[in-house]
Amino acid sequence: MYDYLIVGAGLFGAVFARQMSDRGARCLVIDSRDHVGGNCYTRNDGGIQVHEYGPHIFHTSSERVWQYMNRWTRFNHYVHRPKVCYRGRIYSFPINLMTLYQLWGVSTPAEAKAALEAARVPIQTPSNLEEWALSQVGEEIYYTFICGYTRKQWHRDPRDLPADIVKRLVIRLTFDDNYFSDRYQGIPVAGYTPIFGALLANIPTETGVDFVSNRSMMESQATKIVYTGSIDDLFGADIGWLEWRNMSFEHEYLLGDFQGVSTMHYTEDSVPFTRICEHKHFAFSHHEHTIITREYPRDWQPGEPRHYPINDETNAELYRRYRDRVDGRRYVLGGRLADYRYYDMHQVVESALVTAAAERHG
Ligand code: UDP
């Protein structure tokens, strides 16, 4: 008999398992995929670490989370500075003084501030993503950088989306083009997969095992279940499926250097993918070959991998109804899937540490 059956060997499950195991709990980790690491999983392709499920850049301002992760890996000095390609022109991104120089020729913070203020559409109380973006940056920036990308990513009119989705993007009136404002940032030098090997060392872990279809047998193996899958799966989606965005990743092997940067955003509606990642640039490597990945957002269908929760009111209500039915004495929920939250990795680590610390074991 185990103390914890941990369903899902992604970041939440692996950190939780490590923490509880170190406190003497008996843990069994299972995952329906044939590998650990969840969507952080990286595949070594001739020395290039391929982010198989989209680019993962670790960033945090939490000293505690950064120290914790550094126990399991060494990070390189990568700083995320993607570029945007729109109608054949390349722009600096996130929006910073270089972007405004490229667009409007302004070259000082004061000029940029004045230009941006003049461009803003006066909307007193923005009620959706489009209105919020227009009120912050005006029409030209909105249509060049945000509208098309957002429409492709979410397959919804930006007027039907909450502004929170784009509030993660910074706008700077300096030449700082770091995508994130966190104190710490980097990519694990050996990729993400070895982190999971380290976190799960000496913890029984089985891949290719489905929990939901063998639920009662699985439940009988442990006192508590730590479930990191989607909550609707626990109930056969009997009151409806929570909506997600799925992604198709098209990997291509080429020679040389394809784009000279790790990530190029394609913000036009007419280009079917949102980004191209060139993985070797996450690691400053100079291999003769290169792997690029085009990301195609798709509607999610039951049974497919889930990537981005669609956090609107309807889904929030559905989520609450499922959440109320979960037996909190037996079940612990966590991670992007089970919490139905658009988490970054550092938030998942933090919440796994907090959740594990709150467990009464031992
Ligand atoms: N976004 C955009 N243009 C871009 C990049 C992002 O409009 O070039 C918007 C889009 O709606 C996206 C959101 O900002 O869903 C968050 O982007 P982020 O890069 O944080 O997304 P992730 O890396 O998680 O896919």
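Note that the coordinates shown come from a computational prediction; the quantities given were computed from them, not determined experimentally.

1. A closer look at the overall build of the protein chain
At step 1: Each helix and strand in the protein chain was counted, giving eleven helices and 16 strands.
At step 2: Here the C-alpha radius of gyration of the protein chain, 22 Å, is about what a compact globule of 362 residues would show, namely 21 Å.
At step 3: If you take every contact in the protein chain between residues at least 6 apart in sequence, the share linking residues at least 24 apart comes to 71%.
At step 4: Accessible surface for the protein chain amounts to roughly 16,200 Å². Of this, 49% is attributable to carbon and sulfur atoms.

2. Notes on the site of the ligand
At step 1: Close contacts around the ligand come from 17 residues, with T150, Y179, H265, Y308 and Y342 the closest.
At step 2: The side chain of Y179 places a nitrogen or oxygen atom 2.5 Å from an oxygen atom of the ligand.
At step 3: A total of 530 Å² of accessible area belongs to the ligand in isolation, and the protein chains cover 94% of it.
At step 4: Elements that contribute at least two residues to the shell around the ligand include exactly α5 (129-154) and α6 (164-167).
At step 5: For the shell around the ligand, the leading source of residues is α5, giving six residues.

3. Here we look at unusual backbone geometry
At step 1: With omega at 10°, the peptide bond leading from F93 into P94 counts as cis.
At step 2: With a phi close to 55°, H155 is a non-glycine residue in the positive phi region.
At step 3: With respect to the helices, strands and loops of the structure, H155 is situated in the loop between α5 and α6.
At step 4: Even without being a glycine, N202 presents a positive backbone phi close to 65°.

4. A word on the packing of aromatic side chains
At step 1: Taken as a whole and assessed by the stated rule, the structure comprises 25 aromatic pairs.
At step 2: Taking 5.5 Å as the distance between ring centres and 40° as the angle between the ring planes, the aromatic pair formed by F58 and F75 counts as tilted. One end of the pair, F58, is in strand β5 (residues 58-60); the other, F75, is in the loop between α2 (63-70) and β6 (83-86), and 17 residues separate them in sequence. For the residue pair F58 and F75, the accessibility class agrees, reading buried in each case.
At step 3: Look at F273 and Y296: their rings are 5.7 Å apart centre to centre, the planes differ by 85°, and that puts the pair in the edge-to-face class. Of this pair, F273 sits in the loop between β12 (263-266) and β13 (275-278) while Y296 sits in strand β14 (residues 289-299), placing them 23 residues apart in sequence.
At step 4: Taken together, the aromatic side chains of Y91, F93, F145, Y179 and F180 make up a single cluster linked through ring pairs.
At step 5: The ring of Y342 has R168 lying over it, and the distance from NZ or CZ to the ring centre is 3.9 Å.
At step 6: One cation-aromatic arrangement involves R325 over F235; the distance from NZ or CZ to the ring centre is 4.3 Å.

5. Quick word on the packing of α2 against helix α11 (residues 345-358)
At step 1: In the contact formed by α2 and α11, the axes pass within 10 Å of each other and the chain directions differ by 90°. Looking at the two axes, α2 sits roughly perpendicular to α11. Note on element contacts: α11 touches α2 through H346, V349, E350, L353 and V354, opposite R64, V65, Y68 and M69.
At step 2: Residue composition of the contact of α2 with α11, grouped by class: six nonpolar, one polar and two charged.

6. Remarks on the packing of helix α3 (residues 97-104) against α5
At step 1: Running from N to C, α3 and α5 point in directions that differ by 110°, and their axes come no closer than 12 Å. Judged on the interaxial angle alone, α5 and α3 are roughly perpendicular. Within the contact between the two elements, α3 uses T99, L100, L103 and W104 and α5 uses E140, I141 and F145.
At step 2: Among the residues making up the contact of α3 with α5, the classes are represented as five nonpolar, one polar and one charged.

7. Here's the deal with the sheet that holds strand β1 (residues 2-7)
At step 1: Taken in spatial order, the five strands of this open sheet run β9-β2-β1-β10-β16, and their pairing is parallel. Looking at which strands have only one partner, the edges of the open sheet turn out to be β9 (205-207) and β16 (331-333). Within this sheet the neighbouring strands show an average axis-to-axis angle of 20°, counted without direction.
At step 2: The pairing of β1 with strand β2 (residues 27-31) spans four bridges and is parallel. Among the inter-strand pairings, L5 is bridged to a residue of β2, identified as L28.

Basis of the calculations
- Residues numbered from 1 in each chain as written.
- Predicted model: local features only at pLDDT ≥ 70, side-chain atom pairs only at ≥ 80, totals over all residues.
- Heavy atoms only, no water.
- Helix = DSSP H or I, 4+ residues; strand = E, 2+ residues; numbered from the N terminus.
- Rg over C-alpha atoms; globule rule 2.2 N^0.38 Å.
- Contact = heavy atoms within 4.5 Å.
- Areas by Shrake-Rupley, 256 points an atom, 1.4 Å probe, with all protein chains shown as cover.
- Near = heavy atom within 4 Å.
- Polar contact = N/O pair within 3.5 Å; in protein donor to acceptor, adjacent residues only side chain to side chain.
- Phe/Tyr/Trp six-rings, centres within 6.5 Å; stacked < 30°, edge-to-face > 60°.
- Buried < 20%, exposed > 50% of the residue type's maximum accessible area, 1.4 Å probe, protein only.
- Lys NZ or Arg CZ within 6 Å of the ring centre and 35° of its normal.
- Axes fitted to C-alpha atoms, helices over the stretch in contact; angles between N-to-C directions.
- Parallel < 35°, antiparallel > 145°, perpendicular 65-115°, else oblique.
- Nonpolar A, V, L, I, M, F, W, Y, C, P; charged D, E, K, R; others polar.
- Pairing = 2+ DSSP bridges.

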